Amino acid sequence: MTHQTTAPRLRTLVLLLLAVAGALLAAAGPASAHAALTGSDPAQGTVVDKAPTQVSLTFSEQVALSGASLRVLDPKGTRVDTGEPTNVSGTTYAVRLHPGLPDGTYTVTYQVVSADSHPVAGAYTFSIGAPSATSVPASAQEAGGGVVGGLYGFGRYASYAGFIVMVGGAAFVLACWPAGTGVRALQRLVVSGWLALTSATLFLLLLRGSYTGSGKLGDVFDLDLLGQVLQTKTGAALVSRLLLLAAAALFIAVLFGAYDKREDDEKRDLTFGLAIGGTVVSGGLAASWAMAEHASTGLQPGIAMPVDIVHLLAVAAWLGGLCALLTALYRAENPVEPSAVRRFSKVAFGSVTALLATGVYQSWRQLGSWSAFTETRYGQLLLVKIGLVALLVGIAWISRRWTARLAEPSASRQQEAATAEETAGAAALEERAGAAAAGRTDSPGRERPAAEEQPAELTEAASLEAEAAGKASSEEAGAAGAAERTGSDPGAGAAERAGSSTGAAKASPSEAESGSGAGDSGSGDAGTADARRAAQLARQRAAVDAARQKRLRDADPNRSGLRRSVLAEAGVAVVLLAVTTALTSTEPGRTELDAKAATAAVASSDAAGAVTLDMSFDTGGANGKGVVSVDIDPARIGANEMHVYVTRPDGRAYDVPEVKVAFTLEAKSIGPLPVTPDHITTGHWSADGVQIPVGGEWQVAVTVRTSDIDQVTVSKNAQIG
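Residues numbered from 1 in each chain as written. Predicted model: local features only at pLDDT ≥ 70, side-chain atom pairs only at ≥ 80, totals over all residues. Heavy atoms only, no water.

**Quick look at the sheet that holds strand 17 (residues 696-705)**
If you walk across this open sheet you meet the four strands as 14-13-17-18, and the pairing is antiparallel. Strands at the two margins of the open sheet, each flanked by one partner only, are strand 14 (670-675) and strand 18 (711-720). Going from strand to strand, the sheet's axes swing by 20° on average, the running direction of each strand aside. As paired strands, strand 13 (residues 658-665) and strand 14 are joined by four bridges and run antiparallel to one another. Bridge pairing in strand 14 links Leu-665 to Ile-670. (Pairing = 2+ DSSP bridges. Helix = DSSP H or I, 4+ residues; strand = E, 2+ residues; numbered from the N terminus. Axes fitted to C-alpha atoms, helices over the stretch in contact; angles between N-to-C directions.)

Structure follows, in structure tokens:
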């Protein structure tokens, strides 16, 4: 009865947790870009006087480009870019334009892949001469969305789940419960994890081209796209994962095959080799994620990738081992040993310690500030994850208490008492079976002695054996009736069979031969019936023993408490895995805040427009006085155009031997950044492409030389960017 009520509850809880996990994955939406557009030239919404020769885009990190990654469309939607996009410098990429473009509004679209494997897409407009109507929508393209994006997200979740179940289940069997190699439920669990990870990896490999490109489901089986994917960092990581899964299949075959068949002494010799091989394969599988995602780019990748590998292995050892323990508690025919539970408790404690250490580092690396916890989606998801981990640790503490109670000596005594009760019950069962067999010869009117009291768990067995004995008695009664109908005496037949040698001495040879043949036939039939009855009783006893063992196991309050707490842990782990998967496809808080700051700086600089600074100077020599004016347009982050004008006190243009300009941002210790303008005409100097790296209160210093020995430097501050 307990088993019948527990199974539906377990199925209901699992379905509920899967629904919650699915809702979290659905809420994650399309994969958020991990590289953000931080600048462009021409900038968004600007109106330029003459047609530019190229369009350049600057991202927060390096991105991967294809032939159609950057496109520029005229008001009618015709492409006006030419050639392949190129990497100009650092994280700035450009595409050249056709010369002599007419006036109007142009649309720039981009779709690239960030260094951590996630697609980035968007669009903006700029105008030449004056704005005009355009037929091209300038709304940002959806990267990694739609049906393909949803399927890709599901594949990522399945791959993480398969890795955790496979690695954690194998580690639980090898390190905590070597006897579990013979448990079919654990074998199926680990093999299921391997199948899930392998299938999900192939699934992701097929979806990758469409996921980062067109987003069309029909492009999933495009071999050209698949070939392009294999040349990328993510494609190489997925192929490496498949090769490592082949080695993992061999490891699983040895663990549940040759290792399981070895004796205990031989197992100890093989355990070390399996532990080394399993660690290498598991570390390689974890590296296939670390080398292609968050850890491979950004701040300190050389440290972040090994930390990410340790983090993934710790998650697998804890949550995967938890799934294996749950399977052993609910599905294993033989109860898991308390010593195995204690060993897993130690493994889980070490895994949680590693998770805390690596998690703190990863949080600092991806957020960079306390405000990012609340101001970014990544930080908010991370807070949810921290809360779930805290809840999981709290439930694990309860499980440790149940584990300690399970290992107390009183539990051993209870088990011994239960074993003694089983032995006594089995003896009583055999005695009742003998009494039932003897009852076949009792006369109908004879009173039988009162039955001795039996344990409650033997009632079902007694009824089954009584029924079997009744069937056997009916068969013998039928045989006796048949003998009477043929005119023979069953007792005489038995006597003849018992005394065949005496009868043979007195009878003729033919009669003796006939009687002997009949006796052999009757003996064979009786032996077959006895064998059938014995086999039936053996099956009944085995079923009753299994039911008794399960009832005794379920009746142990410590074991039942442990099962409930481990089930609760597994439920929280399912939701935790969904949140973690959503985190891996969300833009890190540090990147999001940097992109917001850059966008705000560009917006403020666009609103400010050009900056003009007028500064009087006096070099101290003859004709050493005058005014220098500096015009900076558009006075924003990135490239700027600078004009310098020098006039005499009366306002006439003044040609001086030399003019130099330097920019300094004292708040961030940047500069001085020297600029030497070109002489254009009398009293006029100019410089194009003056780069302002960040916004702030810049000091603009101008050095004016009026003779070989007379010069002076004057300066003013201006808000640029």
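Picking up after the structure, the text goes on.
**Some points on unusual backbone geometry**
Omega for the bond connecting Asp-633 with Pro-634 falls within 30 degrees of zero, at 10°, which places this linkage in the cis form. Tracing the chain through its elements places Pro-634 in the loop between strand 11 (625-633) and strand 12 (638-647). Along the chain, Gly-671 connects to Pro-672 via a cis peptide bond; the corresponding omega equals 5°. Summarising the element assignment, Pro-672 is placed in strand 14. Residues other than glycine seldom take positive phi values, yet Asn-623 does so here, at roughly 55°. With respect to the helices and strands, the residue Asn-623 is situated in the loop between strand 10 (611-618) and strand 11. Of note in the backbone geometry, Ala-635 takes a positive phi value of approximately 60° without being a glycine.

**Structural notes on the pattern of salt bridges**
Pairs can form between side chains of opposite charge whenever their charged atoms are close. Tallying each qualifying case throughout the model produces five salt bridges. The partner of Glu-658 in a salt bridge is Arg-705, and the shortest N-O contact between them spans 3.1 Å. Taken together, the residues Glu-658 in strand 13 and Arg-705 in strand 17 connect sequence positions 47 residues apart. Using a relative accessible area of 28% as the deciding quantity, one classes Glu-658 as partly exposed. What you see here is one network of salt bridges that share partners, running through Glu-658, Arg-705 and Asp-708. (Salt bridge = Lys/Arg side-chain N within 4 Å of Asp/Glu carboxyl O. Buried < 20%, exposed > 50% of the residue type's maximum accessible area, 1.4 Å probe, protein only.)

**What about the side chain of Arg-705?**
On the accessibility criterion, Arg-705 (18% relative accessible area) is buried. Among the polar contacts made by the side chain of Arg-705, one reaches the main-chain carbonyl oxygen of Ser-707 at a distance of 3.1 Å. (Polar contact = N/O pair within 3.5 Å; in protein donor to acceptor, adjacent residues only side chain to side chain.)

**Examining the packing of helix 2 (residues 146-176) against helix 8 (residues 301-331)**
Interhelical geometry of helix 2 versus helix 8 gives an angle of 70° and a closest axis separation of 6 Å. Compared by their axis directions, helix 2 and helix 8 come out roughly perpendicular. Across the interface between the two elements, Tyr-160, Phe-163, Ile-164, Val-165, Val-167, Gly-168, Gly-169 and Phe-172 from helix 2 touch Leu-312, Leu-313, Val-315, Ala-316, Ala-317, Leu-319, Gly-320, Gly-321, Ala-324 and Leu-325 from helix 8. Tallied by class, the residues present in the contact of helix 2 with helix 8 amount to 14 nonpolar, four polar and no charged. (Parallel < 35°, antiparallel > 145°, perpendicular 65-115°, else oblique. Contact = heavy atoms within 4.5 Å. Nonpolar A, V, L, I, M, F, W, Y, C, P; charged D, E, K, R; others polar.)

**Let's talk about helix 3 (residues 184-212)**
Along its 29 residues, helix 3 runs 41 Å from first to last C-alpha, staying within 8% of the 42 Å computed at 1.5 Å per residue. Remark: the principal bend of helix 3, roughly 35°, maps to Leu-206. (Expected span 1.5 Å × (residues − 1). Bend = angle between axes of the 7 residues up to and from the residue.)

**Some points on a nonpolar patch on the surface**
A cluster of nonpolar side chains, namely Leu-230, Val-239 and Leu-243, defines an oily patch on the protein surface of about 260 Å² accessible area. For Leu-243, the location among the structural elements is in helix 5 (residues 233-256). (Patch = residues over 30% accessible without salt bridge, like charges linked within 9 Å, V, L, I, M, F, W, Y side chains within 5 Å. Areas by Shrake-Rupley, 256 points an atom, 1.4 Å probe, with all protein chains shown as cover.)

**A look at the packing of aromatic side chains**
Per the stated rule, a full pass over the model turns up nine aromatic pairs. Between Tyr-106 and Phe-126, the ring centres sit 5.9 Å apart and the planes meet at 20°, which makes this aromatic pair stacked. Residue Tyr-106 is found in strand 8 (residues 104-114), and its partner Phe-126 is found in strand 9 (residues 119-128); the two are separated by 20 residues along the sequence. Per residue, the accessibility class of Tyr-106 equals that of Phe-126, and both read buried. Between Phe-172 and Phe-344, the ring centres sit 5.8 Å apart and the planes meet at 75°, which makes this aromatic pair edge-to-face. Here the residue Phe-172 occupies a position in helix 2, and Phe-344 occupies one in helix 9 (residues 338-367), the gap between them amounting to 172 residues. Exposure class is identical for Phe-172 and Phe-344. Each is buried. For Arg-241, the ring lying beneath its charged end belongs to Trp-289, and the centroid distance is 3.9 Å. The ring of Tyr-654 has Arg-648 sitting right over it, with the charged end atom 4.0 Å from the ring centre. (Phe/Tyr/Trp six-rings, centres within 6.5 Å; stacked < 30°, edge-to-face > 60°. Lys NZ or Arg CZ within 6 Å of the ring centre and 35° of its normal.)

**What about the sheet that holds strand 6 (residues 81-89)?**
Where strands meet in a sheet, backbone hydrogen bonds hold them as pairs that are either parallel or antiparallel. Spatial ordering of the open sheet is given by 1-3-7-6, a layout of four strands whose pairing is antiparallel. For this open sheet the edge positions go to strand 1 (37-41) and strand 6, each flanked by a neighbour on one side alone. Strand-to-strand twist in this sheet, taken as the mean axis angle between neighbours without regard to direction, amounts to 20°.

**A short note on the pairing of strand 16 (residues 684-692)**
Judged from the seven bridges that link them, strand 12 and strand 16 form a sheet pairing that is antiparallel. When the sheet's bridge partners are listed, Asn-640 is paired in strand 16 with Val-690. One ladder, built from three bridges, connects strand 15 (residues 678-681) with strand 16; its direction is antiparallel. Paired with Thr-681 across the bridge in strand 16 is His-684. Adjacent in sequence and paired antiparallel, strand 15 and strand 16 are bridged by two residues, among which Gly-683 carries a positive phi angle near 70°.

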